[in-house]
Amino acid sequence: LLCRLGVIRSARTTRALLEDLFRDVVFAGRRVLDIGGGDGLYAFYAAIRGAREVVCLEPEADGYDDRAAGVFGAIARRYPGVPVRLERTRVQEHRDADGYDVIVMNASINHVDEDACMQLTRSAEAREAFRRVFAHIGGLARRAARLVVTDCSRHNFFAALGVRNPICPTIEWDKHQPPEVWASLLEEAGFARPRVRWEPLYRFGAAGQRLLGNRVAAYFLKSMFRLEMVKA
């Protein structure tokens with residue numbers, strides 16, 4: 001279905017990505033918040049893996065278009081009764097009294113405030129903007145909740161050369177930050193024990209994951225990282 005919709009190129013590589021990304025995350029019986037969930041791929045994956053309830057936040061602004069909404073609807077029709085709910089709102093406006101056990105931010109952390117993200121290491125005002133948002137996210141997390149963040153670091157071989165990355169030619173590197181910057185701010189919001197993994201190219205199979213899943217290789221590829229933290 002996802003291949004037909006044009007959401008993914010290969011079921012094999014997407015399965016490998018999802019299994020690697022969430023290999024030590026338990027969804028069964030948990031409440032999940034997917035911040036900036038786009039077409040719902042990660043949200044539905046969590047639900048199919050047994051999540052009790054999944055809320056997918058994706059505002060109509062910031063690039064959410066009719067195509068993404070159509071994909072979300074198509075997946076929902078394919079899996080009727082799956083407990084996934086789409087809310088077209090920013091995380092800053094989202095309220096929930098029960099709290100979440102798993103929070104996912106897939107390629108969305110910089111979109112919280114792109115202007116502030118660009119100035120994050122140079123501006124106290126920018127850091128304060130993210131502190132407020134992260135404090136709100138921390139308030140949505142139950143104790144011991146897992147936070148999984150994926151994004152690309154701004155440090156990349158092709159960005160350093162000032163040329164387009166042939167793998168990801170549309171990435172605007174100055175609108176991203178390395179995982180250490182995010183971990184530092186998230187610790188101030190009550191998250192702890194940061195763990196960073198670097199994303200390989202899944203098209204090369206298990207051997208490629210072992211060879212390319214490190215910081216050095218990522219620097220010459222997409223600079224994609226996975227940051228996991230736990231709510232203290």
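Since the model is a prediction, treat every value here as computed from it, not as a measurement.

Reading guide: rules and limits
Residues numbered from 1 in each chain as written. Predicted model: local features only at pLDDT ≥ 70, side-chain atom pairs only at ≥ 80, totals over all residues. Heavy atoms only, no water. Axes fitted to C-alpha atoms, helices over the stretch in contact; angles between N-to-C directions. Helix = DSSP H or I, 4+ residues; strand = E, 2+ residues; numbered from the N terminus. Parallel < 35°, antiparallel > 145°, perpendicular 65-115°, else oblique. Left-handed = near helix turned anticlockwise from the far one by under 90°. Contact = heavy atoms within 4.5 Å. Nonpolar A, V, L, I, M, F, W, Y, C, P; charged D, E, K, R; others polar. Core = buried A, V, L, I, M, F, W, Y, C linked by side-chain atoms within 4.5 Å. Buried < 20%, exposed > 50% of the residue type's maximum accessible area, 1.4 Å probe, protein only. pLDDT = per-residue confidence, 0-100. Pairing = 2+ DSSP bridges.

## A word on the packing of helix H2 (residues 11–21) against helix H3 (residues 41–48)
Alright, step 1. Two elements in contact, H2 and H3, have axes separated by 12 Å at closest approach and are oriented at 70 degrees. By the angle between their directions, the pair H2 and H3 is classed as roughly perpendicular. By crossing handedness, the relation of H2 to H3 is classed as right-handed. Note on element contacts: H3 touches H2 through Leu41, Tyr42 and Tyr45, opposite Thr14, Leu17, Leu18, Glu19 and Leu21.
Alright, step 2. Considered class by class, the residues forming the contact of H2 with H3 number 6 nonpolar, 1 polar and 1 charged.

## Digging into unusual backbone geometry
Alright, step 1. Of note in this structure, Ala144 is not a glycine but carries a positive phi near 70 degrees.
Alright, step 2. For Ala144, the location among the structural elements is in strand S5 (residues 141–152).
Alright, step 3. Phi is positive for Arg193, which is not a glycine, with a value near 55 degrees.
Alright, step 4. Along the chain, the position of Arg193 falls in strand S6 (residues 191–198).

## Regarding the nonpolar core
Alright, step 1. Phe130, Phe134, Ile137 and Trp182 are the most contacted members of the largest nonpolar core, which totals 36 residues.
Alright, step 2. If we skip the residues at most four places from it in the chain, Trp182 touches Ile109, Asn110, Cys117, Leu120, Phe130, Phe134, Gln177, Phe225 and Leu227.

## Let's talk about the confidence of the model for the protein
Alright, step 1. Mean pLDDT over the protein works out to 90, with 92% of the residues at or above the 70 mark.
Alright, step 2. Taken together, the stretch residues 1–8 has pLDDT below 50 and engages in 20 contacts with residues farther than four places along the chain or on a different chain.

## Side note on the pairing of S5
Taken residue by residue, a regular strand's side chains alternate between the two faces of the sheet.
Alright, step 1. A large share of S5 lies buried, amounting to 9 of its 12 residues.
Alright, step 2. Across 6 bridges, strand S4 (residues 100–106) lies against S5 in parallel orientation. Paired with Val104 across the two strands is Val148, which belongs to S5.
Alright, step 3. The sheet contact formed by S5 and strand S7 (residues 224–231) spans 7 bridges and is antiparallel. Residue pairing for S7: Val149 is matched across the bridge by Leu227.

## Observations regarding the environment of Ala16
Alright, step 1. One can find Ala16 in helix H2.
Alright, step 2. The exposure class assigned to Ala16 is buried, which follows from its relative accessible area of 18%.
Alright, step 3. Note: C-alpha distance between Ala16 and Tyr202 (186 residues apart in sequence) is 6.4 Å.
Alright, step 4. Excluding residues that lie within four positions of it along the chain, Ala16 makes contacts with Tyr202 and Gln209.

## Focus on the sheet that holds S7
Alright, step 1. If you walk across this open sheet you meet the 7 strands as S3-S2-S1-S4-S5-S7-S6, and the pairing is mixed. At either margin of the open sheet sits one strand with a lone partner, and together these are strand S3 (84–87) and S6. On average, each strand axis in the sheet is tilted by 15 degrees relative to the strand beside it, whichever way the strands run.

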